[in-house]
Amino acid sequence: LTEGQIRTVLGEMVDLWRANTYHPVKRNCLHFAKAFVEALEVPEPFPAWVLGLPDAIQKPLLMPIADVSWQWMRWWNSSSATCCQPQGPWLRPEAIEEVCFTREDVQDAQLRTI
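Residues numbered from 1 in each chain as written. Predicted model: local features only at pLDDT ≥ 70, side-chain atom pairs only at ≥ 80, totals over all residues. Heavy atoms only, no water.

## Here we look at the overall build of the protein chain
Tallying secondary structure elements over the protein chain gives six helices and zero strands in all. In the protein chain, the succession of α and β elements from N to C terminus is α-α-α-α-α-α. Contacts spanning at least 24 positions in sequence make up 40% of the contacts within the protein chain whose residues lie at least 6 apart. Looking at the protein chain as shown, the accessible area adds up to about 9300 Å², and 63% of this sits on carbon and sulfur atoms. (Helix = DSSP H or I, 4+ residues; strand = E, 2+ residues; numbered from the N terminus. Contact = heavy atoms within 4.5 Å. Areas by Shrake-Rupley, 256 points an atom, 1.4 Å probe, with all protein chains shown as cover.)

## What to know about the environment of P47
If you trace the backbone, P47 turns up in the loop between α2 (29-39) and α3 (52-57). Spatially, the C-alpha atom of P47 lies 8.5 Å from that of K34, the residues being 13 residues apart in sequence.

## Some details on unusual backbone geometry
Comment: phi is negative for the bulk of residues other than glycine, and the bulk of peptide bonds are trans. The backbone phi angle of E41 is positive, close to 55°, even though this residue is not glycine. With respect to the helices and strands, the residue E41 is situated in the loop between α2 and α3. By relative accessible area, which is 68% here, E41 ends up exposed. (Buried < 20%, exposed > 50% of the residue type's maximum accessible area, 1.4 Å probe, protein only.)

## A look at the pattern of salt bridges
Between side chains of opposite charge, pairing is possible as soon as their charged atoms come close. With the rule as written, the count across this model stands at four salt bridges. Residues E38 and K34 are paired through a salt bridge, measuring 3.8 Å at the closest nitrogen-oxygen approach. With E38 and K34 both in helix α2, this residue pair falls four residues apart, about one helical turn. Look at E38 and you get partly exposed, because its relative accessible area is 48%. (Salt bridge = Lys/Arg side-chain N within 4 Å of Asp/Glu carboxyl O.)

As C-alpha cells, this is what we get:
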C-alpha cells in the first residue's frame with residue numbers, strides 16, 4: 001500500500017475507534033492493532049497470542065469485575081465526579097515533580113516514627 005492508501009485506511013478507522021468506545025478488556029489498543037492489520041490486508045494474520053490476556057479476562061467470573069472497575073474509573077475521572085475527588089495544590093503535576101527526597105530525608109522520617 002502507498003502512504004496515501006494507509007492514510008485513507010486510518011481516516012476510515014477514526015470514526016470506528018472513537019476514544020469514548022475504549023474498554024480496557026473488550027476494545028483496547030490490541031483490538032485496534034488487529035483491526036488495523038486486517039484493514040491493511042496484511043498477508044499474514046494477526047497473531048492470536050497478542051489478544052491472549054484480554055480474551056482470558058472475558059470469562060463469566062472476571063468480566064463483571066473488569067466492567068465495574070472500568071465504569072468506576074470512568075466515573076472517577078469524569079468532570080461530574082470532581083466533588084468527590086481529593087483537592088489541593090499538592091495534586092498538581094508540577095507539585096509532584098517538586099517533591100524530592102534524599103536518602104537522609106527518608107531515614108530521618110523513619111527515625112521519627114520509631
